[in-house]
Amino acid sequence: MLQQTTGSRENLKCPLFLKDTNLLKCNVSKISPFSMLTILRFSPLFLFWFLILLEPLAAQTKTPFVPRAEFSVVLDPGHGGRDSVTRAKGHLEKDIVLNIAREVEKYLVARGMTVVMTRNRDEYISLSQRAAVAGDVFISLHANSVADSIGPSVRSMIKGIEIYTDRNMLDGKLVTKSKELSMHFSRQLSGLEGISFRAERQKTLAVLSRNSSPAILIELGYLSNDEDLSFLTQQRNYVKLAEAFFKALQEYRSQNHR
Ligand SMILES: [Zn+2]
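Residues numbered from 1 in each chain as written. Predicted model: local features only at pLDDT ≥ 70, side-chain atom pairs only at ≥ 80, totals over all residues.

### Some remarks on the overall build of the protein chain
Operational definition: Elements are defined by DSSP. Helices are runs of H or I of four residues or more, strands are runs of E of two residues or more, and each kind is numbered from the N terminus. Note on burial: count the other C-beta atoms lying within 10 Å of the residue's C-beta; 20 or more is buried, 12 or fewer is exposed, in between is partly exposed, and C-beta positions come from the backbone. Think of it this way: build a C-beta for each residue from its backbone, and any pair within 7 Å is a contact.
Helix and strand counts for the protein chain come out as ten helices and eight strands. Of all 258 residues assigned to the protein chain, the portion counted as buried reaches 34%. Within the protein chain, counting contacts between residues at least 6 apart in sequence, those at least 24 apart form 74% of the total.

### Remarks on helix α7 (residues 172-190)
Where we set the bar: In a helix, the anticipated span is given by 1.5 Å times the number of residues less one. Directions pointing from the helix axis toward each C-beta atom define the arc.
Taking 1.5 Å of rise per residue, the 19 residues of α7 would be expected to cover 27 Å, and the 27 Å separating its terminal C-alpha atoms lies within 8% of that figure. Of all the residues in α7, the buried ones are K177, S178, L181, S182, H184, F185, Q188 and L189. Down the axis, α7 shows its buried residues gathered within 165° of arc, on one side only. Opposite its buried face, α7 presents the exposed residues G172 and T176, each directed more than 90 degrees away. In the core, the buried residues of α7 are packed alongside β5 (137-144), β6 (161-166), β7 (197-203), β8 (215-222) and α10 (235-256).

### Observations regarding the pairing of β8
Cut-off, in case you're wondering: We call two strands paired when DSSP finds no fewer than two bridges between them.
Burial of β8 is extensive: eight of the eight residues sit out of reach of the surface. As paired strands, β5 and β8 are joined by six bridges and run parallel to one another. Bridge pairing in β8 places H142 opposite E219.

### With respect to the sheet that holds β7
How we decide: Geometry is summarised by axes, namely lines fitted to C-alpha atoms with helices restricted to the contacting stretch, and by angles between N-to-C directions that run from 0 to 180 degrees.
One open sheet holds the six strands; their spatial order is β4-β1-β5-β8-β6-β7, and the pairing between them is mixed. Unpaired on one side and paired on the other, β4 (114-117) and β7 mark the two borders of the sheet. Sheet twist, expressed as the mean angle between neighbouring strand axes with direction ignored, is 25°. Bridge count for strand β1 (residues 72-77) against β5 is five bridges, and the pairing is parallel. Looking at the pairing, L75 lines up with I139 of β5.

### Some remarks on the packing of helix α4 (residues 93-110) against α10
Here is the rule: The labels follow the angle: roughly parallel below 35 degrees, roughly antiparallel above 145, roughly perpendicular from 65 to 115, and oblique for the rest. By convention, the crossing between two helices is left-handed when the near helix turns anticlockwise from the far helix through less than a right angle, and right-handed when the turn is clockwise. Polar here means any residue other than Ala, Val, Leu, Ile, Met, Phe, Trp, Tyr, Cys and Pro, which are nonpolar, and Asp, Glu, Lys and Arg, which are charged; Gly is therefore polar.
Contact geometry for α4 and α10: axes closest at 9 Å, N-to-C directions at 55°. Judged on the interaxial angle alone, α10 and α4 are oblique. The interaxial crossing formed by α4 with α10 has right-handed handedness. Across the interface between the two elements, N99, I100, E103, V104, Y107 and L108 from α4 touch Y238, V239, L241, A242, E243, F245 and F246 from α10. Split by residue class, the contact of α4 with α10 holds ten nonpolar, one polar and two charged.

### Here we look at the confidence of the model for the protein chain
Where the model shows low pLDDT, its predicted coordinates should not be examined in detail. Here is the rule we go by: Confidence scores labelled pLDDT are given residue by residue by the predictor and lie between 0 and 100.
This prediction gives the protein chain a mean pLDDT of 79; 72% of its residues lie at or above 70. In this model residues 1-31 is a low-confidence stretch, pLDDT under 50, and it forms 33 contacts with partners more than four residues away in sequence or in other chains.

### Focus on α4
With 18 residues, α4 extends 26 Å between its outermost C-alpha atoms, agreeing within 8% with the 26 Å of an ideal straight helix rising 1.5 Å per residue. The set of residues buried in α4 consists of E93, K94, I96, V97, L98, I100, A101, V104, E105 and L108. Just downstream of α4 lies G112, where phi reads positive at about 90°.

### Notes on unusual backbone geometry
In this structure, H79 is a non-glycine residue whose phi angle is positive, near 65°. Within the secondary structure, H79 is located in the loop between β1 and β2 (87-88).

### Side note on the environment of G78
As for its position among the elements, G78 is in the loop between β1 and β2. Looking at G78, the number of C-beta atoms within 10 Å reads 28, which means it is buried. Sequence separation between G78 and L217 is 139 residues, and the spatial gap between their C-alpha atoms is 9.4 Å. Ignoring sequence-local partners within four residues, the contact set of G78 consists of E93, K94, V97, S140, L141 and H142.

### Digging into the packing of α7 against α10
Relative to each other, α7 and α10 sit at 140°, their axes nearing to 8 Å. Helix-helix and strand crossings are classified by hand; for α7 and α10 the assignment is right-handed. From α7, K177, E180, L181, H184, F185, Q188 and L189 reach across to α10, where they touch A244, K247, A248, E251, Y252 and N256. Split by residue class, the contact of α7 with α10 holds six nonpolar, three polar and four charged.

Below is the structure:
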C-alpha cells in the first residue's frame with residue numbers, strides 16, 4: 001500500500017512512490033543521498049545510472065588501446081664510416097648496400113610498410129647498436145667477395161646471392177621465423193634476372209644472434225665477380241631487388257602478421 005499525500009512530503013517514503021503516480025509529489029530536495037540510492041535501486045533506469053556512474057572508473061581500469069603498428073622492416077646496410085670492407089674497381093660495399101637499402105626503403109614505404117634504417121649515411125654503427133633496432137623483421141644487407149689471390153677463372157665462377165640465418169640464435173621461435181623469412185627471400189631472389197641465387201646458409205653472425213627480431217643477412221652478390229659487380233652498381237637493378245624484397249615480405253607477413 002502506498003502512502004498517500006496525507007502526510008507531509010518530508011515523511012513520504014520515496015521508494016514506495018516509485019510504484020505510485022504521485023511520485024512527483026515527493027519533495028526530492030529532502031531526500032538523502034542514501035534514499036536516492038535506494039530509489040535508484042528500484043528504478044528501471046538503475047542499470048543505466050549504474051553504468052553512467054561507473055564509466056569513468058571503468059575507463060581507468062581498462063587496458064589502454066594501443067593502435068596496431070604497421071608491419072615494420074629494419075633494413076641494415078652493412079659497414080659504414082671507417083668500416084668499408086669489400087672494395088672492387090673503385091666501388092665500396094658500404095656505398096652499394098646503402099644505395100640499395102635506400103631504394104628498397106622507398107619501395108616498401110610507398111606500399112604501406114614501415115621501414116627503419118640502422119644507418120642512412122656513411123657512418124660507423126656497431127653490431128650491437130644495429131641488432132638493438134627492433135622491428136617485425138630485421139634484414140642486414142651486404143655484398144661478398146673472394147680474395148684477390150684467387151685466379152680470374154675461379155673468380156668468374158663464384159657469384160650470386162646468399163642468405164644467412166644464424167646458427168646460434170637462442171630463441172627457438174626466432175630461429176623458426178628467421179628460416180621462414182630466409183625461405184621467402186630465397187624464392188623471390190631466385191627469380192631475378194641478371195644475378196643468380198647461390199645458397200641459403202647458416203653461420204654465426206653477431207648482428208643476427210643478438211637480434212630480438214626474426215633476422216637474416218643477405219649477401220647481395222660478389223663484387224669480385226664482374227657480372228655481379230655490374231648488376232649491383234646499376235641503379236635500375238635496385239628496383240628489381242626492391243620488388244623481390246616486397247614480395248618476400250608480403251609472403252612472410254601474410255603468414256605471420258595479422
Ligand atoms: Zn659486408
